[in-house]
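Tertiary structure, described
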Amino acid sequence: MMKIYLCGSLDAVALNEWQRHLQAEMPEDQVLTTLEPEQNAEISVAVVANPTPGSLYPLPSLRLIQSLWAGVDRLVADTTLPPGVPVCRMVDPQMNVAMAETGQWAVLALHRGFFGYARQQAKAQWQPLAQRRADELRVLVLGWGQMGRTLGLRLNAMGYRVAAWRSRAAATAQPQQVDGVEMHIGTEALGAALGQADILVNLLPLTPSTRGLLNASCFAALPRGASVVNLARGAHLVEADLLAALDAGQLSHAVLDVFNTEPLPASHPFWQHPAITVLPHAAAQTDPRSAAAVVAANVRALKAGEPLMHQVDFTLGY
Ligand code: GLV
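Residues numbered from 1 in each chain as written. Predicted model: local features only at pLDDT ≥ 70, side-chain atom pairs only at ≥ 80, totals over all residues. Heavy atoms only, no water.

Right, let's get into the layout of surface pockets. Counted as a void, the largest pocket has a volume near 1200 Å³. Lining the largest pocket are 49 residues, with Trp69, Ala70, Gly71, Met95 and Met147 positioned closest to its centre. Those elements that place two or more of their residues in the lining of the largest pocket are helix H1 (12-25), helix H3 (93-112) and helix H5 (146-157). With 4 residues, H5 is the largest single contributor of residues to the lining of the largest pocket. For the lining of the largest pocket, the per-class residue count stands at 25 nonpolar, 16 polar and 8 charged. (1 Å grid on protein atoms, 1.4 Å probe; cavity = no way out; pocket = protein on both sides within 12 Å on 5 of 7 lines; lining within 4 Å. Points joined across faces, edges and corners; volume = space filled by probe spheres on them. Helix = DSSP H or I, 4+ residues; strand = E, 2+ residues; numbered from the N terminus. Nonpolar A, V, L, I, M, F, W, Y, C, P; charged D, E, K, R; others polar.)

This is the structure:
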């Protein structure tokens with residue numbers, strides 16, 4: 001029997017739901033959501049949803065930190081994590097699908113001008129826009145992880161011309177084309193990839209090398225009138241550069257799910273900007289119904305001394 005501590009930025013209802021699903025998947029273990037100080041040393045596994053830095057510091061016997069979030073930038077930056085304890089990302093197939101659905105919606109809406117029609121409706125304007133074919137649009141997906149890949153393949157099936165960029169090659173050499181998606185690898189390849197992208201979708205992990213990547217020089221490298229979709233982290237985007245690029249007409253629209261400050265403050269200019277669509281960090285939520293089994297599989301691996309799944313590489317930052 002292992003004692004598992006569940007904590008993080010979850011409200012009481014969500015905490016309860018997670019506890020119920022996790023406990024059902026791990027009936028032999030005990031899932032706790034509150035700890036008395038004398039219980040700290042009994043906790044072997046922490047299951048965390050974007051926890052406040054420092055929250056795992058009092059737990060001296062941890063053997064696994066399992067994130068319920070796919071993005072672990074905040075965890076990796078927590079200097080109080082017990083050293084040497086493996087951290088694992090959440091890779092939930094349902095979450096990949098949800099993220100791909102959001103990406104597909106954004107690309108389709110940009111392609112067919114649906115954000116423009118929403119603006120027109122607000123002014124009771126009846127004005128059909130020019131219609132383009134999907135194969136006239138080039139979409140560049142930044143990041144070829146679980147989510148980038150799921151989205152890229154779906155966009156390809158929808159008829160778009162899809163390219164993807166990743167910062168480094170996978171262990172096995174990457175072919176130029178992966179299932180019809182053109183691959184660009186490495187920093188030197190980014191400029192050329194951007195130059196051919198009508199729609200840019202960001203699904204990169206946030207690391208020191210990707211922070212601020214969506215900046216003025218990135219926007220300048222895109223063809224004039226391109227659109228940007230940020231579904232990854234707010235800190236990928238330099239907000240002032242986005243506003244400047246939209247106002248100058250270099251970019252035509254941005255769909256943003258993530259922000260430097262969340263919730264996005266009511267006074268933030270993004271809310272009222274006619275060329276920005278704001279989502280409340282809802283592109284893909286971890287689904288307890290599928291993700292609890294992912295956690296349980298890693299806890300079983302830990303008990304059996306087998307390799308953990310989706311372990312974070314601290315040198316890469318994800
Ligand atoms: C959400 O943003 C996540 O990383 O799971």
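The next thing to look at is the pairing of strand S3 (residues 43-49). For S3, a buried count of 7 out of 7 residues is recorded, marking the element as mostly surrounded by other parts of the structure. In terms of strand pairing, strand S1 (residues 3-8) meets S3 through 6 bridges, oriented parallel. Paired with Leu6 across the two strands is Val47, which belongs to S3. Pairing between S3 and strand S4 (residues 64-67): 4 bridges, direction parallel. Each bridged residue has a counterpart across the sheet, and for Val45 the counterpart in S4 is Leu64. (Buried < 20%, exposed > 50% of the residue type's maximum accessible area, 1.4 Å probe, protein only. Pairing = 2+ DSSP bridges.)

Next up on the list: the environment of Gln104. Along the chain, Gln104 turns up in helix H3. Expressed as a C-alpha distance, the spacing of Gln104 and Leu155, which sit 51 residues apart in the sequence, is 6.5 Å. Excluding residues within four positions of it along the chain, Gln104 makes contact with Leu151, Arg154, Leu155 and Met158. (Contact = heavy atoms within 4.5 Å.)

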